[in-house]
Structures are given as structure tokens and as C-alpha cells.
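Reading the structure
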Amino acid sequence: MRRFPLRTGIRWKISVAIAAVSALIAVALSLVVHNSARVSMLDNARDLQLERLQFAQRLYESSRDPKVGSKLNDPDLPAELRAKLALGRRATFVQEDVDGVPEVWAAMPYPGDDILSLHTRFPNNAAVVADLDRSLVIASVAVVLGGTVLGILIGGSISRRLRKAAAAATDVAQGNTQVRVLDAIGGVVRDETDDLAHAVDALTDALQERVEAERRVTADIAHELRTPVTGLLTAAELLPPSRPTELVRDRAQALRTLVEDVLEVARLDSAAERAELQELPLGEFVSRRVASLYPEAVVNVIHDSYVNTDPRRLERIIGNLLGNAAKHGKPPFEVAVEGRVVRVRDHGKGFPPDLLREGPSRFRTGSSDRAGHGHGLGLTIAAGQAKVLGARLTFRNAQHDGGAIAVLWLPEHAPTATGSFPIVHLADLPPRKR
């Protein structure tokens, strides 16, 4: 049986916990106060009845006639009180009527099995207890509401700090390594949230140092390989024409391409790349570049639009997407341009699930049916170049007739030299006649 977990915020959990504790304390104190007040008033009533009984005793002994409400051998005398009087001492007894009003008895034995007794109802005691109970209920409700409000305030403060920490951690995960969780949460009071922020910041610094070290090692290795690979390619050109010579030249060229791709990935990882912007008609530009790179691909310009972008990087993205489609997909290859959106599609078996879930990753080619060869750098470079352009590159599979679809979303405003975007929103330029 599938279970659906209930998601609640820490604010409400703390509020409910404080409210529950407040309610338990209020109920316990109310019961203690109620019982203590009731016992105290009954003890006072017993003492008062004994004083009245003593006064009635003196009157009876002087006149041999019960007075001030006392009776001799009262037939309504409770059996419990009779049992106490059997010990030969004065005694009191309390009984309550149907309305909850206490009735206090006091009696004393005389020789010859005579009993002098009197009893009085104390309605004021019941009224006082009822008023006290109402006050205790009101106070308990106020305590619970106050505890709930206090819990909301305390939980809200902790929840806000945790949300700020989560937002800062998300920024770090998206590549903004300058963000520090400890600075984001702020606050004067230090608690476990600050310990968590310290740990996340330390983890971020450690990962950043590791990634930077790996990037430097990769760039250094690729740079050191460039010279001998270039020499190898030059030497291969001097070999006499033959089938082995063609194989050597082909492998040397593939090795040179791999080294250049690795260097490009290292430059993109360093976040030092800046776009050289030009204004150009997107549909016309894509049509020309696709015709020169992959003439077999079909270009469909649904709606042309002028964009301000880097043509070299845009050509690199489109070329890598088409190269990936040609290498791992099946024809026909289609390129569609609609406004600022460019779609590249093939009719193969689609992107592997791990690429759709995690995005492109270097040196991971996915499943054997789509990426049984290659180094996984083409889509990685395309995604990196799209980031430099301030664009967004997404991947999905066609639902009906199969195939992989890569979609490049160019930004409405081009990135500045610092990689940020201007605040002023400019309208799209109208199509120009050429």
C-alpha cells in the first residue's frame, strides 16, 4: 500500500508542539487549583459547622431543647456519619445534591445513643467553584493561544533562516560559488542553523577547490598534449599515400579534435569566457550555417527574429547539436526556428534517461544504443556555450514518433560583459529587409 507523506513546515510543527505543551500544563494546573480550592472551602465549611455544633451543644445542655437548626436523633442522618460517631467523637460529613451544592453535616454523640446534629447547604461554595472553573478555562485558552503565537514567531524565525539557507545552497548548486550560506541567513542569535551554514560553506569551498584543481589538471594535460598531437598530425601528412596512412591521419585528427574540445571545456568551466555580441537575423543565420555544416538537415523558419548574440558561439552550439544528432540519432534531421527558439530534432531512439534527468556530462555517452561511441563532450560544450550566451538549453524526447529534441532558448536581452543582464527592457526589433 502506497503511503503519501504529509509535508508540514517547521513553523507549524513548533507551534503545535508548544500549544500542546501549554494545553497540558494549563489543564494540569487547572485541576490542581480546582481541587485545592474545593478542598479548602470544604475544610472551612467543616470548621464552621463544628463551631455551630458547639454553640448548639451549649444551648441544648442548658435547655435540653435542640436549637439553631440542630436536631436530636435526626432520621436523615447519613449512615457514613453514624459510623464515624460510633467511635465516640464529633464528626463531619459532606454530601452533594443533584445540583452539585455541598451539604455539610456535623454531629456529636451523647450517652444513651442520642445524637445531636445539624446540617447546612453551602450554595456560595458551589458558585465560587463554578466561577473559578470559568476563570481557569479562560486562562487556559489564553495560555494555549499565547503559546501558539509564540510558537509561530519562534518557528517562523527558524523557518525563515532555513529557507534562506536553502535558497543560498540552491544558488551555489547552480554555479554561483560566491554565495555564502552563513551570510545569507544573517541574524543576531546563533543556533544550530549557523552550524549547518558553516558546514555547507565549508563543503562548498572544498568542492570548489576540488573542481578547480581538476579543471587545472585537465587544462594542463590538454595543453601539453596539443604540441605533440600537432606534431603527430604534421608527421602523418608526410607519410606516403596508403590505407595505413589514412588511418593514422584520421586517428591523429580525432585526437587533435578531442584535445581542442577538452581545452574548450576547461575554458568554459573557468567562467572566464565572454560573448562578442552582434545583432543578426536568427532564421537566416541558422539556415546558412546548417546548409554549410549539414546540408542533409531540413531548416524550417517559422518566425524570424533579430537577436543580439555571439554568432561564433551560436554556430558552435548548433553544430554540436546537429553533430550529436547525426552521430547518435537517425535521419531526417530537422531544425526549426521560431522567434528566439531553435529546435534540433532527429528520429532516433531519443536521449538516454540519465541525460534527461541530470543534463549532459563530459565523458559519459549514455546508453549503448544512442551513445555507444564518442566522449560526451559535444553536448557539454553546447550547454557551456549556451550559458555564456545567457541562453537555456533543454533536452527531451518526442512523445509520439520518437526522436531526440534539443531546444535552445535565446534570451530576450543579451548578457553584458560581466555576464549579467540590463534592467531596462527593450522591445524586440522588427524584421529588417535585406
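I will try to describe carefully the structure that is included in this document. (Residues numbered from 1 in each chain as written. Predicted model: local features only at pLDDT ≥ 70, side-chain atom pairs only at ≥ 80, totals over all residues. Heavy atoms only, no water.)

**What to know about unusual backbone geometry**
Of note, the bond from P331 into P332 is cis; its omega dihedral lies within 30 degrees of zero at 0°. A positive phi angle is found at N73, which is not glycine, with a value near 55°. For N73, the location among the structural elements is in the loop between β1 (71-72) and α2 (79-85). (Helix = DSSP H or I, 4+ residues; strand = E, 2+ residues; numbered from the N terminus.)

**What to know about the sheet that holds strand β4 (residues 114-121)**
Here we have four strands laid out as an open sheet, ordered β1-β4-β3-β2, and antiparallel in their pairing. Of all strands in the sheet, those bounded by a partner on one side alone are β1 and β2 (91-96). For β2 and strand β3 (residues 102-110), the ladder comprises six bridges, and the chain directions are antiparallel. Residue pairing across strands places Q95 opposite E103, the latter belonging to β3. Of the strands in this sheet, β1, β2, β3 and β4 touch helix α1 (residues 10-63), which is tilted by about 40° from β3. (Pairing = 2+ DSSP bridges. Contact = heavy atoms within 4.5 Å. Axes fitted to C-alpha atoms, helices over the stretch in contact; angles between N-to-C directions.)

**Notes on helix α8 (residues 311-328)**
The end-to-end C-alpha separation of α8 is 26 Å, in line with the 26 Å expected for 18 residues at 1.5 Å each. Summarising burial for α8: 13 of the 18 residues are buried, a large majority. (Expected span 1.5 Å × (residues − 1). Buried < 20%, exposed > 50% of the residue type's maximum accessible area, 1.4 Å probe, protein only.)

**Observations concerning the sheet that holds strand β9 (residues 341-345)**
Spatial ordering of the open sheet is given by β6-β8-β9-β11-β10, a layout of five strands whose pairing is mixed. In this open sheet, the two edge strands, each paired with only one partner strand, are β6 (298-303) and β10 (392-397). Each neighbouring strand pair of the sheet contributes to a mean axis angle of 15°, computed without reference to strand direction. With five bridges connecting them, strand β8 (residues 334-338) and β9 associate as antiparallel partners. Among the inter-strand pairings, V335 is bridged to a residue of β9, identified as V344. Of the strands in this sheet, β6, β8 and β9 touch helix α7 (residues 282-293), which is tilted by about 165° from β8. Along the sheet, α8 makes contact with β8, β9, β10 and β11 (404-409), crossing β11 at roughly 170°.

**Regarding the pairing of β3**
In terms of burial, β3 is largely enclosed, as eight of its nine residues are buried. Count of turn residues in the β3/β4 antiparallel hairpin: three residues, of which G112 carries a positive phi of about 90°.

**What to know about the nonpolar core**
L282, V286, L314, L321, F395 and L408 are the most contacted members of the largest nonpolar core, which has 31 residues in total. No other element matches α8, which puts six residues into this core. (Core = buried A, V, L, I, M, F, W, Y, C linked by side-chain atoms within 4.5 Å.)

**Brief notes about the packing of aromatic side chains**
Enumeration according to the criterion identifies one aromatic pair in this entry. Ring centres of F351 and F395 lie 5.3 Å apart, and the angle between their planes is 80°; on these two criteria the pair is classed as edge-to-face. Note that F351 is positioned in the loop between β9 and α9 (353-358) and F395 in strand β10, a separation of 44 residues in sequence. Here the two residues F351 and F395 agree in accessibility, since each one is buried. The residue whose ring lies beneath R392 is W409, and the NZ or CZ to ring-centre distance is 5.0 Å. (Phe/Tyr/Trp six-rings, centres within 6.5 Å; stacked < 30°, edge-to-face > 60°. Lys NZ or Arg CZ within 6 Å of the ring centre and 35° of its normal.)

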